[in-house]
Amino acid sequence: MVEDWQSFLAPYRQAVEELKVKFKGIRNEFEEANLQSPIEFVTGRVKRPDSILRKAKFREVVEMNEQNIEDVIEDIGGIRIMCQFVEDIYRVVEILHNREDFDIIVERDYITHKKASGYRSYHIVIAYPIERITGTDSILVEIQIRTLAMNFWATIEHSLNYKYAGDYPMELHKRLERAAEAAFQLDEEMSAIREEIKDA
Ligand code: 0O2
C-alpha cells in the first residue's frame, strides 16, 4: 500500500508543472517566430488516489506498492496537448521525439487504430527525470495528443463512463458511436480546408 499519498504524488505534481511550462514554451516559440503552432493548448493533472485505486482494482492488481505501481498505472502524471488538426498531432510527436529531456517508453497510436469505444488520441509514455532534494528520480508521465474534436468526444464519453461504468444502454452506445464518427468527419473536413485556415 502507499502510506503517504501526498509525498508519493509530489514528484508527479512537479513533473506535470514542469512539462506544462515546457510544452507551453513550444507554443510560444512558434508564435514569436510568427509561425502557426501545432499546439493549441496544454493541460495537465495528477491522478487522484481514489482514481489510482479504482484503476488498480479494475486491473485486478493483488498487491500494489510504491515500487510496482508504475508497472500497472502509467498515467499517474498526465499531460494533454490539444491540436487544431490531425496533421499537427504528428508534428507534435516529431517534436517530442527530438527532445533530449526525457525518454520515450511507449507510443500508442489510437488515431490510426481507434479503440473499440471510438476513442481516438495519440499516447506517449515518457520516463521523465525529476530533480528532488534527495537526488534525481525518474517517473512515468503519459502525454495524450489529440485534436479539439477528439478531446470533445473523449471528455463527454469519459463522464458518461463514470455514470454507466462502461455498460451503456444500447441506444446511448449507438449515439456515442455516431458522435465518434461525426468527430472523425469534422477532423477530416478541417484538414481538407487547413491550407485556407492557415492563410487566414
Ligand atoms: P483519467 O485520468 O480520468 O483520464 P493500455 O490500455 O494500458 O494498453 P492506454 O489506453 O494508454 O493503454 O491506457 P488506459 O489506462 O486504458 O488509458 C489511459 C487514459 O487514456 C485514460 O485514463 C483516458 O484518459 C484515456 N482513454 C483511454 N481509453 C479511453 C476511452 O475509451 N475513452 C475515453 N474517454 N478515454 C480513454 P483514465 O484511466 O480513464 O483516467
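Note: the structure precedes this text.
Residues numbered from 1 in each chain as written. Predicted model: local features only at pLDDT ≥ 70, side-chain atom pairs only at ≥ 80, totals over all residues. Heavy atoms only, no water.

Novice: Explanation requested: the site of the ligand in the structure shown.
Specialist: The local shell around the ligand holds 17 residues, among which R45, K55, K115, S117 and E157 are the closest. A distance of 3.3 Å is found between an oxygen atom of the ligand and a side-chain nitrogen or oxygen belonging to D75. Side-chain polar atom of Q144 to an oxygen atom of the ligand: 3.0 Å apart, as the coordinates give it. Burial of the ligand by the surrounding chains reaches 77%, relative to a free accessible area of 740 Å². When atom positions are compared with the pocket grids, the ligand is found to occupy the largest pocket. Where the shell around the ligand is concerned, the elements lending two or more residues are β5 (135-147) and α5 (148-164). The greatest single-element share of the shell around the ligand, amounting to three residues, is contributed by α5. For the shell around the ligand, the residue count by class is three nonpolar, four polar and ten charged. (Near = heavy atom within 4 Å. Polar contact = N/O pair within 3.5 Å; in protein donor to acceptor, adjacent residues only side chain to side chain. Areas by Shrake-Rupley, 256 points an atom, 1.4 Å probe, with all protein chains shown as cover. 1 Å grid on protein atoms, 1.4 Å probe; cavity = no way out; pocket = protein on both sides within 12 Å on 5 of 7 lines; lining within 4 Å. Sits in = over half its atoms within 2 Å of the grid points. Helix = DSSP H or I, 4+ residues; strand = E, 2+ residues; numbered from the N terminus. Nonpolar A, V, L, I, M, F, W, Y, C, P; charged D, E, K, R; others polar.)

Novice: Would you mind going over helix α6 (residues 170-192) with me for this structure?
Specialist: Quick reminder: α-helices carry 3.6 residues per turn. Residues three or four places apart thus point the same way. Relative to the 33 Å expected for 23 residues at 1.5 Å per residue, α6 spans 33 Å between its end C-alpha atoms, a close match to the ideal helical length. For α6, the full list of buried residues reads L172, L176, A180, A183, D187 and S191. (Expected span 1.5 Å × (residues − 1). Buried < 20%, exposed > 50% of the residue type's maximum accessible area, 1.4 Å probe, protein only.)

Novice: What exactly am I supposed to notice about the layout of surface pockets here?
Specialist: Unoccupied space between atoms shows up once a probe the size of one water molecule is rolled over them. Its boundaries defined by the atoms lining it, the largest pocket holds a volume of some 1,700 Å³. Taken together, 40 residues make up the lining of the largest pocket; nearest its centre are K47, K55, D75, H158 and N161. Elements supplying a minimum of two residues to the lining of the largest pocket: β1 (41-46), α2 (49-58), β2 (77-83), β5, α5 and α6. For the lining of the largest pocket, the element with the most residues is α5, which contributes seven residues. Looking at side-chain class alone, the lining of the largest pocket contains twelve nonpolar, twelve polar and 16 charged residues. The space that makes up the second largest pocket amounts to roughly 160 Å³. Taken together, A149, F152, W153, I156, L176, A179, A183 and L186 make up the full set of residues lining the second largest pocket. (Points joined across faces, edges and corners; volume = space filled by probe spheres on them.)

Novice: Which parts of the structure should I look at to understand a negative patch on the surface?
Specialist: A contiguous patch of negative charge, built from E87, E181, E188 and E189, is present on the exposed surface. At three residues, α6 tops the list of elements feeding residues into the negative patch. Along the polypeptide, E87 turns up in helix α4 (residues 86-97). The class of E87 is partly exposed, set by a relative accessible area of 33%. (Patch = residues over 30% accessible without salt bridge, like charges linked within 9 Å, V, L, I, M, F, W, Y side chains within 5 Å. Salt bridge = Lys/Arg side-chain N within 4 Å of Asp/Glu carboxyl O. Lys, Arg positive; Asp, Glu negative; His and termini not counted. Charge placed at Lys NZ, Arg CZ, Asp CG, Glu CD.)

Novice: So what exactly am I meant to see when it comes to the side chain of E157 here?
Specialist: Tracing the sequence through the fold places E157 in helix α5. As a buried residue without a salt bridge, E157 has its nearest oppositely charged side chain in R146, at a separation of 8.6 Å. Among all residues touching E157, those that are not within four sequence positions of it are S117, Y168 and L176. (Contact = heavy atoms within 4.5 Å.)

Novice: Is there a simple way to explain the nonpolar core in this structure?
Specialist: Side chains of nonpolar character tend, in soluble globular proteins, to be buried together. Of all hydrophobic cores here, the largest spans 40 residues; its most connected members are F23, I79, I81 and I145. Elements that contribute at least two residues to this core include exactly α1 (5-32), α2, α3 (69-72), β2, α4, β4 (122-132) and β5. Looking at this core, the element that brings in the most residues is α1, giving ten residues. Residues in contact with I145, not counting those within four places in the same chain, are I81, C83, I89, V92, V93, L96, S121, Y122 and I124. (Core = buried A, V, L, I, M, F, W, Y, C linked by side-chain atoms within 4.5 Å.)

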